[in-house]
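# Summary of structural features
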Amino acid sequence: VPWSGNLAHLPTENDTLTQLNVTASGNHSILVYTSNPNGSADQLPGNDSRTGSFYVDNIVIPYPVVEGFESTAFPPANWNITGNSGSLWVHSDTIGAYGLSSKSAYANFYDIASGTSNMESSRIDLTAASAPVYLGFSHAYARYNATFIDTLEISITEDCGASWYSLYQKWDTALCTDLNFYTGKFFPTASQWTTDYIDISSYIGQNVKVRFEAESG
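Since the structure is predicted, the reported quantities are computational estimates derived from the model, not experimental observations.

Taken as a whole and judged by the stated rule, the model has nine aromatic pairs. Ring centres 6.0 Å apart and planes at 90° place the aromatic pair Phe 109 and Tyr 141 in the edge-to-face group. Of this pair, Phe 109 sits in the loop between strand E6 (104–107) and strand E7 (115–121) while Tyr 141 sits in the loop between strand E9 (134–139) and strand E10 (151–157), and the two are 32 residues apart along the sequence. Summarising the aromatic geometry, the rings of Phe 137 and Phe 212 are spaced 5.9 Å apart at their centres and angled 80° between planes, so their arrangement reads as edge-to-face. Residue Phe 137 is located in strand E9, and its partner Phe 212 is located in strand E13 (residues 207–216); the two are separated by 75 residues in the primary sequence. Of the two residues examined, Phe 137 and Phe 212, each falls in the buried class. By way of ring pairs, the aromatic residues Trp 79, Phe 137, Tyr 168 and Phe 212 are connected into one cluster.

What follows is the structure, encoded as structure tokens:
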């Protein structure tokens, strides 16, 4: 986006980019740069560019949706990881719910002491779904000690993420499936899992995305 003008030393100028129509789903990068300030060679070219990234999701997946994280790819197809701690959500190939599998999505609270990471689905087509519709998930969690407080929040959006509505939020002992402290990594046994169901029947007739937000504290 060309901009013309003159800037004195240290002042700033805001320039609005024209709309970008990106139709391909997936991760994308953007590079913004300046050159020849005030028509002259830049004496400090090292700070002339800035890069960023964004994600485009044009995928709509049919209902019902089942994800057991059995694939070696992570995030699996039709899911995306966002947030300020991208390494918080990882794939486990040794632990699965109730001992019925060896795979799961693992919020690595033990190694990541702080930060937030979101595991977000593509749009799910509920336009022809019949009531009741539930969001079900299984989890296991135990604390390291009473000082660190981790949180799991599940949200839903009907406008592609412009606004999110919380469906579930638990932390500390409310999230625990075992109240004992574990000073090493927690590897749950088959009996240390629980399953929750959230009624999302009010979203029938729409395309929705769901987000699992892990916050390490």
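Having put the structure on the table, let's press on.
What follows deals with unusual backbone geometry. Cis rather than trans, the peptide bond between Tyr 63 and Pro 64 has omega equal to 5°. Inspection of the secondary structure assignment puts Pro 64 in the loop between strand E3 (60–62) and strand E4 (79–83). In the segment running from Ala 131 into Pro 132, the intervening peptide bond is cis, with an omega of 0°. Examined against the element boundaries, Pro 132 turns out to sit in the loop between strand E8 (123–125) and E9. Backbone geometry at Asn 38 places phi at a positive 55°, although glycine is not the residue there. Assignment of secondary structure puts Asn 38 in the loop between strand E1 (26–33) and strand E2 (49–56). Asn 38 gets classed as partly exposed once you look at its relative accessible area, which sits at 39%. The phi torsion at Tyr 98 lies on the positive side, around 60°, for a residue other than glycine. Note that Tyr 98 resides in the loop between strand E5 (89–92) and E6.

Cut-offs and rules
Residues numbered from 1 in each chain as written. Predicted model: local features only at pLDDT ≥ 70, side-chain atom pairs only at ≥ 80, totals over all residues. Heavy atoms only, no water. Phe/Tyr/Trp six-rings, centres within 6.5 Å; stacked < 30°, edge-to-face > 60°. Helix = DSSP H or I, 4+ residues; strand = E, 2+ residues; numbered from the N terminus. Buried < 20%, exposed > 50% of the residue type's maximum accessible area, 1.4 Å probe, protein only.

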